[in-house]
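As a plain string of letters, each chain reads:
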Amino acid sequence: MKGEAASKVLLGGFALGAAALIGVQDASALTSADLRSLTYQEIKGTGVANRCPEVADNTGPILVTGKTGMKDMCLEPKSFQIEEDVKGKKGDVAKKQFVDTKLMTRATYSLSGIEGILDGAGSGIKFSEKGGIDYAPATVQLPGGERVPFMFTIKELVAASDSSEMKPGTTFSGNFKVPSYRSGLFLDPKGRGGTTGYDMAQGLPGMQADGAEGQDELAGETNKVFQVTEGSIEFAVTKADQQTGEWSGVFVSEQLSDTDMGSKAPKKVLLKGIIFGRVAGFDGTEEYKTN
């Protein structure tokens, strides 16, 4: 995915109308004050820990000048779509479309506690993500029953905006890294792994039986790799609280699914949801944080 092409696919009419579609500040929305007032027993088993807070009312724009910190950033997906080849009812040529899926993961798929740096030294704002709970494994199921695992993340996100204020209508766009769904220590059912396990799980005669057909598949299953791909995101601010520095809005991101450590072709994943953050002070230590 390249930046310009991804931007057209990602935002293209979504951000401006997404507040109504996703339900930004709907009846069940929670503010940061609401979440802080809850006890562990009130949260336990309810799924509230997976929720992102939202700003209740606009009190004015948040001006960003120079370097400042971003705290408590949270992303909660509301829609999960996978790109598939879809045929028309009359057997038309299959076209690639994003189709709705069923979420198979329990309420553990949101990102929270993310920190970074906002730099308003230029004509706009640049955001650089530095750390936090910035990845969450998730699995969705396609209408045909196939399950697609992926690592929802915004690791090493660098996003920019033309505005110098966090206010309704301010939009950011940028790219991030998507780490492998599994680490090198993972072993497949035949004991093969990236950094440990067997080198191969089939005999040499089987590997050399035909010399061509099937060898690519065997090579992919045998040679495990830790693949890092790239994703794109755009998010728009819909509400900002000048007094607390809190803002909330909507996001849409596109990334690739799991490749089973190099043995499967990834699918495109399109996520839409709500986003929250708090503009806070900057003491310089944020520069040294790494993912």
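A brief structural summary.

About the thresholds
Residue numbering note: each chain is counted from 1, following its sequence as written. Local features in a predicted model are, by the rule used here, given only for residues with pLDDT of at least 70; side-chain atom pairs are given and counted only at 80 or more, and totals for whole chains, interfaces and linings are based on all residues. With hydrogens and water set aside, each side-chain value is computed from the structure's full complement of heavy atoms. Salt bridges are identified by distance alone: a Lys or Arg side-chain nitrogen within 4 Å of an Asp or Glu carboxyl oxygen. Counting from the N terminus, the helices are DSSP H or I runs at least four residues long and the strands are E runs at least two residues long. For the exposure calls, accessible area comes from a 1.4 Å probe over protein chains only, and a residue counts as buried if that area is under 20% of its type's maximum, exposed if over 50%, partly exposed in between. Detection works on a 1 Å grid of protein atoms alone, calling trapped sets that fit a 1.4 Å probe cavities and calling open sets with protein on both sides within 12 Å along at least five of seven lines pockets, with lining residues defined by an atom within 4 Å of a point. Grid points are joined across faces, edges and corners, and a volume is the space filled by probe spheres set on the points. Charged means Asp, Glu, Lys or Arg here, nonpolar means Ala, Val, Leu, Ile, Met, Phe, Trp, Tyr, Cys or Pro, and polar covers whatever is left, Gly included. What we call a nonpolar core is a set of buried Ala, Val, Leu, Ile, Met, Phe, Trp, Tyr and Cys residues that are connected through their side-chain atoms within 4.5 Å. By definition in these notes, contact holds between two residues if any of their heavy atoms fall within 4.5 Å. Aromatic rings from Phe, Tyr and Trp, with only the six-membered ring used for Trp, were paired whenever their centres fell within 6.5 Å, and each pair was classed as stacked if the ring planes differed by under 30 degrees, edge-to-face if by over 60, and tilted otherwise. Whether two strands pair comes down to DSSP finding at least two bridges between them.

So, on to the pattern of salt bridges. Side-chain pairs of opposite charge can arise whenever the charged atoms involved come near each other. Tallied over the full model, the rule gives ten salt bridges. For Asp134, the salt bridge goes to Lys155, with nearest N and O atoms at 3.3 Å. In this pair, Asp134 is assigned in the loop between β6 (125-133) and β7 (135-141) and Lys155 in strand β9 (residues 155-161), connecting sequence segments 21 residues apart. Glu254 is paired through a salt bridge with Lys268; the nearest N and O atoms lie 3.9 Å apart. Of this pair, Glu254 sits in strand β13 (residues 246-256) while Lys268 is found in strand β14 (residues 268-280), placing the two residues 14 residues apart along the sequence. Under the relative-accessibility criterion, Glu254 is labelled buried at 4%. Look at the salt bridges and you will find they share partners, linking Glu84, Glu146 and Lys267 into a network.

Take empty space enclosed by the protein next. Applying the stated criterion to the full structure yields one cavity of 30 Å³ or more. By volume, the largest cavity is sized at about 100 Å³. As for the largest cavity, its lining consists of Phe150, Met151, Val178, Pro179, Ser180, Tyr181, Gln227, Thr229, Leu256, Ser257, Asp258 and Thr259. Looking at the lining of the largest cavity, its residues break down into six nonpolar, five polar and one charged.

Okay, the nonpolar core next. Core analysis: the largest hydrophobic core is formed by 38 residues, its most contacted members being Leu75, Met166 and Trp247. With residues near it in sequence (within four places) discarded, Leu75 still touches Cys52, Ser110, Leu111, Ile114, Phe152, Ile154, Ile233, Phe251, Ile274 and Ile275. Ranked by size, the runner-up nonpolar core spans five residues in total, among them Cys52, Val55, Cys74 and Phe276.

The subject of this paragraph is the environment of Gly113. Structurally, Gly113 is set in strand β5 (residues 111-119). Along the backbone, Gly113 and Gly131 are 18 residues apart, and their C-alpha atoms lie at a distance of 8.2 Å. Residue contacts for Gly113: discarding those within four places in its chain leaves Asp72, Met73, Gly131, Gly132 and Ile133.

Moving on: the packing of aromatic side chains. Evaluation of the coordinates by the stated rule reveals five aromatic pairs. Ring centres of Phe80 and Tyr109 lie 5.6 Å apart, and the angle between their planes is 85 degrees; on these two criteria the pair is classed as edge-to-face. You can see Phe80 sitting in strand β2 (residues 67-86) and its partner Tyr109 sitting in the loop between β4 (102-103) and β5, a full 29 residues away along the chain. Across the pair, exposure class does not vary: Phe80 and Tyr109 are buried alike. Judged by centre distance (4.9 Å) and plane angle (10 degrees), the ring pair of Phe172 and Phe235 falls under stacked. Linking Phe172 in strand β11 (residues 171-178) with Phe235 in strand β12 (residues 229-240), this pair joins segments that are 63 residues apart in sequence. For the pair Phe172 and Phe235, one class covers both residues: buried. Every member of this aromatic cluster is reached through a ring pair, and the members are Phe80, Tyr109 and Phe150.

With that settled, consider the sheet that holds β4. With antiparallel pairing, the three strands of this open sheet are ordered in space as β4-β7-β8. Both outer strands of the open sheet, β4 and β8 (147-153), are each paired with one neighbouring strand and no more. The pairing of β7 with β8 spans seven bridges and is antiparallel. Bridged to Thr139 within β8 is Pro149.

A word on the pairing of β7. Inspection of the sheet shows β4 paired to β7 by two bridges, in the antiparallel sense. What sits directly across from Leu103, in β7, is Val140. Count of turn residues in the β7/β8 antiparallel hairpin: five residues, of which Gly145 carries a positive phi of about 105 degrees.

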